[in-house]
Amino acid sequence: MVKRKIKTAMTHMAVKRRKVRPSGDPKSSEDHTLTSVLSLNDDCLQEIFMYLDSSDLLNTIKTNSRFKYACEQVFKRKYCGTQLVILSNLDKWSKMNLSMKSLKFSVNISNHFGHLISKLRIRFKLNKIDGLLDAIAANCDENLLELELEHVGAYVIKKSLLYVSGLQKMQSFLSNLSNQFPNLHRLKIHYRNVRNACPYSKAIIQSIPSVNSFEVTEEVAGKFFTEKALKKFVRLNRQIESLSIRVDEYELIDSERSWNISIGFIRCLDESLPMLKRLEINRVSIRYLPNVGFGLIKPDKYPIGFKNLKELKFYSFLEYHNADVGFMSFLSDSIEVLKLSTFDSNATRFNQSIAQFKNLKVLRLEYPMDDAATFLTSEQLARTVWTKYGVEQLILNNRNLTKICLLLHPSDYGSEALNNIFGGVTEYTDDDGVQWDVRRLLFGYSFQKKLIT
């Protein structure tokens, strides 16, 4: 199969050698002889091997040492750019960018191309993870800049030898991250293990000096970090500039596993992460915050610094749709991007709340409530930010704004309601005479300030 593909590629390139004979020679007609692939230089080999997929590249690099450099350069060009290389020990996973079909294949990719990989996602279950982690640890080195661990939920017998061995190997792998990958700057944990607390999360609680971006996403009622454990982690990694803590919205139905964004937690982030520039949080249950919700805390009593924070994304899934949730008071006015799904939708009070963000440039508001239709047809709508008046007030009171996005869910209700308000509007001129483009989005509308040339 590989030989056929190489021959086809060479034909496409028209790599041929012409033999020219004297004019009187009876064999003066042109004679084309196909050049041997081994005699081609590395540039030609790379162009030919670009026709091969990851499986063929792996087979080719094993064929002859002459192909090693060309295969490595092609792998680097095709799979080590902006996309993640995905390795897995799962039995079946056909949608990966390298068409991984088996644990053995992933191990071989690690052994032959691991030193080239800069962005890696490991999609795994604990059973039979040993060989893959050993191969990654042995071959991926200082070139690895981004690492994602995606633990896929599956029913397992926790006392089985395969599970215990895999758990011990994962704990060992995580505890040695800082030494194994000295240039790792982004670490993401995607925990999808069904209704289980993560058995290896303690191994990640360590100082990883090179990491400046840390993300945790939990799904299928799996629980990776407790609030206490996360506090320990951030205190050990004061260099972090981007922090994301996300739970799948449907999982907050389970009240036993959701935990609060308390004042103590917010203050811990503020004090422990002086370099924090981006913060994303949606792991919160308002149901259990009747007195100390995000924004319900008196600003004069509990001021929050976040002096270097540039982007704040706070998404919550409210059990009480009429909860009056606003903002905390920030000592810093450095925030430029603000994305919210939990806020006081009253236009006047909302404008007062965001007046503290003097450098705000991008504002994204999302209303993800199931009863949006009832809200949007109520008399309260006329006093909200979801009106022309509301948008005008936002622009008037926040002179540095360049973009506003208003999104409503469910989309059927939201699109119809916003179409009734902004339908047909394609342009808006503010009090300063500056024009704004109004565009319809899938779930709402965006307002983009036109650049003055």
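What counts and what doesn't
Residues numbered from 1 in each chain as written. Predicted model: local features only at pLDDT ≥ 70, side-chain atom pairs only at ≥ 80, totals over all residues. Heavy atoms only, no water. Helix = DSSP H or I, 4+ residues; strand = E, 2+ residues; numbered from the N terminus. Buried < 20%, exposed > 50% of the residue type's maximum accessible area, 1.4 Å probe, protein only. Contact = heavy atoms within 4.5 Å. Areas by Shrake-Rupley, 256 points an atom, 1.4 Å probe, with all protein chains shown as cover. Polar contact = N/O pair within 3.5 Å; in protein donor to acceptor, adjacent residues only side chain to side chain. Phe/Tyr/Trp six-rings, centres within 6.5 Å; stacked < 30°, edge-to-face > 60°. Axes fitted to C-alpha atoms, helices over the stretch in contact; angles between N-to-C directions. Parallel < 35°, antiparallel > 145°, perpendicular 65-115°, else oblique. Left-handed = near helix turned anticlockwise from the far one by under 90°. Nonpolar A, V, L, I, M, F, W, Y, C, P; charged D, E, K, R; others polar. pLDDT = per-residue confidence, 0-100. Pairing = 2+ DSSP bridges. Salt bridge = Lys/Arg side-chain N within 4 Å of Asp/Glu carboxyl O.

Asker: Teacher, can you tell me more about the overall build of the protein here?
Answerer: Each helix and strand counted, the protein has 14 helices and 16 strands in total. Here the protein holds 453 residues, and 49% of them are scored as buried. Summarising the internal contacts of the protein: among those between residues at least 6 apart in sequence, 76% fall at separations of at least 24. Carbon and sulfur atoms provide 49% of the accessible area of the protein, an area that totals close to 22400 Å².

Asker: Looking at this structure, how should I read helix 3 (residues 54-63)?
Answerer: Residues that lie three or four places apart on an α-helix share one face, since the helix turns once every 3.6 residues. The complete set of buried residues in helix 3 reads S54, D56, L57, L58, T60 and I61. Capping the start of helix 3, D53 holds a side-chain oxygen 3.2 Å from the backbone nitrogen of S55, two or three residues further along.

Asker: Looking at this structure, how should I read the packing of aromatic side chains?
Answerer: In this description, a pair of aromatic rings is defined by centroid distance and the angle of the planes. One pass over the full model with this rule turns up 12 aromatic pairs. Their ring planes at 35 degrees and their centres at 4.3 Å tell us that F214 and F233 sit as a pair that is tilted. A residue pair is termed long-range when its members are at least 10 positions apart, and F214 in strand 7 (residues 213-218) and F233 in helix 9 (residues 227-236) qualify at 19 residues. Look at F214 and you get buried, because its relative accessible area is 0%. A relative accessible area of 0% means that F233 is categorised as buried.

Asker: Before we go on, may I ask you to explain the environment of R246 in this structure?
Answerer: Along the polypeptide, R246 turns up in strand 8 (residues 242-247). Note on R246: relative accessible area 26%, which makes it partly exposed. When sequence neighbours within four positions are dropped, the list of residues in contact with R246 reads K188, E215, V216, T217, E218, E280 and N282. Here the side chain of R246 touches S244 through a polar contact of 3.5 Å, side chain to side chain.

Asker: How should I be thinking about the side chain of S272 in this particular structure?
Answerer: In this fold, S272 is placed in helix 10 (residues 263-272). We classify S272 as buried; its relative accessible area is 5%. Discounting chain neighbours no more than four positions away, the residues touching S272 are V234, R235 and R238.

Asker: Whenever I open this one, the packing of helix 3 against helix 4 (residues 68-79) confuses me. Can you help?
Answerer: Think of two packed helices as two axes; the pair is described by the angle between the axes and how far apart they sit. Between helix 3 and helix 4, the shortest axis-to-axis distance is 9 Å and the interhelical angle comes to 160 degrees. With respect to helix 4, the axis of helix 3 lies roughly antiparallel. Every pair of crossing elements has a handedness; the one defined by helix 3 and helix 4 is left-handed. Between helix 3 and helix 4, the residues in contact are S54, L57, T60 and I61 and K68, C71, E72, V74, F75 and Y79, respectively. Class assignment for the residues of the contact of helix 3 with helix 4 results in 6 nonpolar, 2 polar and 2 charged.

Asker: I tried to follow the environment of L418 on my own but got confused; where do I start?
Answerer: By secondary structure assignment, the location of L418 is in helix 14 (residues 411-422). Among residues more than four places away in sequence, those in contact with L418 are W386, L406, L408, G423, F443, G444 and Y445.

Asker: I'm lost on the confidence of the model for the protein in this one. Help?
Answerer: Any residue range with low pLDDT should be treated as having predicted coordinates unsuitable for detailed reading. Mean pLDDT over the protein stands at 77; residues scoring 70 or higher make up 69%. Confidence scores differ between elements of the protein, with strand 1 (residues 16-19) showing the lowest mean pLDDT of 42 and helix 6 (residues 130-139) the highest of 95. Contacts for the low-pLDDT stretch residues 14-23, under 50 throughout, to residues beyond four places or in other chains number 20 contacts. In the predicted structure, residues 318-326 sits below a pLDDT of 50 and forms 25 contacts with residues beyond four places in sequence or in another chain.

Asker: What exactly am I supposed to notice about the pairing of strand 13 (residues 403-408) here?
Answerer: Along any regular strand the residues' side chains alternate between the sheet's two faces. Counting buried residues along strand 13, 5 of its 6 residues qualify, which places the element largely inside the surrounding structure. Pairing of strand 12 (residues 362-367) with strand 13, which is carried by 6 bridges, proceeds in the parallel orientation. Across the sheet, the residue bridging to V362 is K403, located in strand 13. Taken together, the 5 bridges between strand 13 and strand 16 (residues 444-449) define a ladder with antiparallel strand orientation. In the strand pairing of strand 16, I404 is matched with F447.

Asker: Even after reading the chapter, I still don't get the side chain of E280, so can you show me in this structure?
Answerer: Tracing the sequence through the fold places E280 in strand 9 (residues 278-281). Classification of E280 by relative accessible area gives buried; the value is 6%. When near neighbours in sequence (up to four residues on either side) are disregarded, E280 contacts L243, S244, I245, R246 and K313.

Asker: Whenever I open this one, the environment of F422 confuses me. Can you help?
Answerer: Here F422 shows up in helix 14. C-alpha separation for the pair F422 and Y445, spaced 23 residues apart in sequence, amounts to 7.9 Å. Residue contacts for F422: discarding those within four places in its chain leaves W386, T387, K388, V391, L406, Y445 and F447.

Asker: I'm lost on the pairing of strand 12 in this one. Help?
Answerer: Two elements, strand 11 (residues 337-340) and strand 12, share 4 bridges in a ladder whose sense is parallel. The residue bridging K339 from the neighbouring strand is R364, located in strand 12.

Asker: Help me understand unusual backbone geometry in this model?
Answerer: Peptide bonds are trans in most cases, and residues, glycine excluded, mostly fall at negative phi. Here K128, not a glycine, exhibits a phi torsion of approximately 65 degrees, which is positive. Along the chain, K128 falls in the loop between strand 4 (119-124) and helix 6. Residue K128 is classed as partly exposed on the basis of its relative accessible area, which comes to 47%.

Asker: Teacher, can you tell me more about the pattern of salt bridges here?
Answerer: Any two side chains of opposite charge can pair, on the condition that their charged atoms come close. According to the stated counting rule, one finds 23 salt bridges in the structure shown. Among the ionic pairs, R186 bridges to E148, the shortest N-O distance being 2.9 Å. Of the two residues, R186 sits in strand 6 (residues 186-192) while E148 sits in strand 5 (residues 146-152), which places them 38 residues apart along the sequence. For the salt bridge of R246 with E215, the shortest nitrogen-to-oxygen distance reads 3.8 Å. One end of the pair, R246, is in strand 8; the other, E215, is in strand 7, with 31 residues separating them in the sequence. Judged by relative accessible area, which is 10%, E215 ranks as buried. Residues joined by salt bridges that share partners form a network here, namely R121, E146, E148, R186, E215, R246, R278, E280, E311, K313 and K339.

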